[in-house]
Protein chains: 2
Amino acid sequence: HHVIVCGYGRNGKQAVQKLQAYNQDFVVVEMDEHVVDRFEEEKIPFIHGNANEDEILIEAGIERASTLICALPSDADNLFIVLSARQINKELKIISRASEETSYKKLKLAGADNVIMPDKIGGEHMASLVVVPDLVEFLDNLSVSGEEDSINVEQIPFEKVCSDGVEKAIQDLDVRKKTGCSIIGYKAPNGEYIVNPEPSLIIKKDSKIILIGRPNQIESLKKLYHV
Amino acid sequence: HHVIVCGYGRNGKQAVQKLQAYNQDFVVVEMDEHVVDRFEEEKIPFIHGNANEDEILIEAGIERASTLICALPSDADNLFIVLSARQINKELKIISRASEETSYKKLKLAGADNVIMPDKIGGEHMASLVVVPDLVEFLDNLSVSGEEDSINVEQIPFEKVCSDGVEKAIQDLDVRKKTGCSIIGYKAPNGEYIVNPEPSLIIKKDSKIILIGRPNQIESLKKLYHV
Ligand SMILES: [Ca+2]
Ligand SMILES: [Ca+2]
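Residues numbered from 1 in each chain as written. Chains lettered and ligands numbered in written order. Predicted model: local features only at pLDDT ≥ 70, side-chain atom pairs only at ≥ 80, totals over all residues. Heavy atoms only, no water.

Participant: If you had to explain the pattern of salt bridges to someone new, which residues and values would you point to?
Facilitator: One pass over the full model with this rule turns up 16 salt bridges over all chains. For the salt bridge of D134 of chain B with K187 of chain A, the shortest nitrogen-to-oxygen distance reads 2.6 Å. One end of the pair, D134 of chain B, is in helix α7 (residues 133-140); the other, K187 of chain A, is in strand β9 (residues 182-187), on a second chain. When the shortest N-O distance is used, the salt bridge between E167 of chain B and K204 of chain B registers 3.7 Å. Residue E167 of chain B is found in the loop between α8 (158-161) and β8 (168-169), and its partner K204 of chain B is found in the loop between β11 (202-203) and β12 (208-212); the two are separated by 37 residues along the sequence. Assessed through its relative accessible area of 37%, E167 of chain B is described here as partly exposed. Taken together, the salt bridges that share partners define one network made up of D134 of chain A together with K187 and K208 of chain B. (Salt bridge = Lys/Arg side-chain N within 4 Å of Asp/Glu carboxyl O. Helix = DSSP H or I, 4+ residues; strand = E, 2+ residues; numbered from the N terminus. Buried < 20%, exposed > 50% of the residue type's maximum accessible area, 1.4 Å probe, protein only.)

Shown next as structure tokens:
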């Protein structure tokens, strides 16, 4: 089960570095021959071709891949690939970048599980720091991955939260008392996020809860839910 | 009370755009003559010179400025300016960018109130989305500034939280019951952040609490604390 990265630009390269750090199998689809030639020495496994074409996706192993990362600079290209990939493989996890705010929903409709907007983040950042620098700095320094003993935010899927398969209300988990962590978000089965969900909210099948805590609290949480 | 922006590169430009949007007075210190010539037509108020020199900072009005944004590409240059500026004006709010993780503490020691690392954010982003895409997306979509009716994260300073000047424990605020918002962070008087503070934590003078909520909950919060 490998990862397919479409596009070896700035974002694609960053994703690849992390995949290498995690010893994940991956392949990169890149249509610029010069880029392929330049980086082949670094042992990046390239498929030279246009990911817009189904044959190239199939050559990249889309039918058995676990994840597709669309990191092309054009939202239209990413949309095309997301739609094609989703038709070929229903189980695939699809992550796409987007430049325009208006592309976010379109990419989700086309079948992307996650849509990330790196430019918006960079721009909003310098912008927000003028008005609310403490908030920006606080959120930036929250660690979502990396060293075990530094993580501040974690997600737990329904099947771990309600391991007996029975849907429960957030307040019935008693997660703050048991682990110290606080629930700050809920990803509904349809993919929508609820910020700061009500204690009475029922955790549905195929949903996820998102929690914040200090590293030792996150470790208690992982132990409690066996993740 | 104006803002001084040092450096009109990618980040400096983004900050300036937001300052313009908020109708904030500002001046930009830039040493590259070509940049000054190119953007002067756009009515950016430039001071042409090196912000490393105290005379240039004084020419930019550092003694009466409210905020300094150091957005130079070199951490060493930013550090030099932060230290100089802090010596000239003790009351100034100083925000600096940094490229290297190791510069964060140094810039704070030199007198920066906030340190932002745009490259780290971009890099960590594409990286984290491979392992925890839902968390990345959830945090990205939290709104910290902009439209009143879209904000999800807010900070309240001690003097608003405890308007009688008496230090109180977090649990005694009853802020969840009163507004629906949840406290997710605490900025101590020494500038350090505590993620997910304990309910028993005493809110000290010169500190801030950081809260998460849906836009209507954030509005109740602002009403409650008159911010
Ligand atoms: Ca981080
Ligand atoms: Ca945002």
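Participant: So what's going on with α7 of chain B? Residues and values would help.
Facilitator: Counting buried positions along α7 of chain B yields eight of eight residues, so the element is predominantly enclosed. Buried within α7 of chain B are the following residues: P133, D134, L135, V136, E137, F138, L139 and D140 of chain B.

Participant: So what's going on with the interface of chain A and chain B? Residues and values would help.
Facilitator: Contact residues are listed per partner, giving 65 residues for chain A and 65 residues for chain B. Counting the surface lost from both chain A and chain B, the interface buries some 5800 Å², and carbon and sulfur atoms represent 64% of this. It is M126, D134 and F138 of chain A in chain A that bury the most area against chain B; as a group they hold 13% of the surface buried on that side. Connecting chain A to chain B are eight salt bridges. Our count for the chain A to chain B interface comes out at 39 residue pairs in polar contact (both at pLDDT 80 or more). Sorting elements by how many residues they give to the side of chain A that touches chain B places helix α6 (residues 118-131) of chain A first, with twelve residues. For the side of chain A that touches chain B, a count of residues per class yields 34 nonpolar, 17 polar and 14 charged. (Contact = heavy atoms within 4.5 Å. Buried area = accessible area lost by both parts, 1.4 Å probe. Polar contact = N/O pair within 3.5 Å; in protein donor to acceptor, adjacent residues only side chain to side chain. Nonpolar A, V, L, I, M, F, W, Y, C, P; charged D, E, K, R; others polar.)

Participant: Please set out the sheet that holds strand β5 (residues 93-97) of chain B residue by residue, giving values where relevant.
Facilitator: Spatial ordering of the open sheet is given by β3-β2-β1-β4-β5-β6 (chain B), a layout of six strands whose pairing is parallel. Of all strands in the sheet, those bounded by a partner on one side alone are β3 (46-48) and β6 (114-116) of chain B. Strand-to-strand twist across the sheet, computed as the mean angle between neighbouring axes with direction ignored, equals 20 degrees. Strand direction decides the pairing type here: strand β2 (residues 26-30) of chain B and β3 of chain B, joined by three bridges, are parallel. When the sheet's bridge partners are listed, V28 of chain B is paired in β3 of chain B with F46 of chain B. The sheet strands contacting helix α7 (residues 133-140) of chain A are β5 and β6 of chain B, and the helix crosses β6 of chain B at an angle near 50 degrees. (Pairing = 2+ DSSP bridges. Axes fitted to C-alpha atoms, helices over the stretch in contact; angles between N-to-C directions.)

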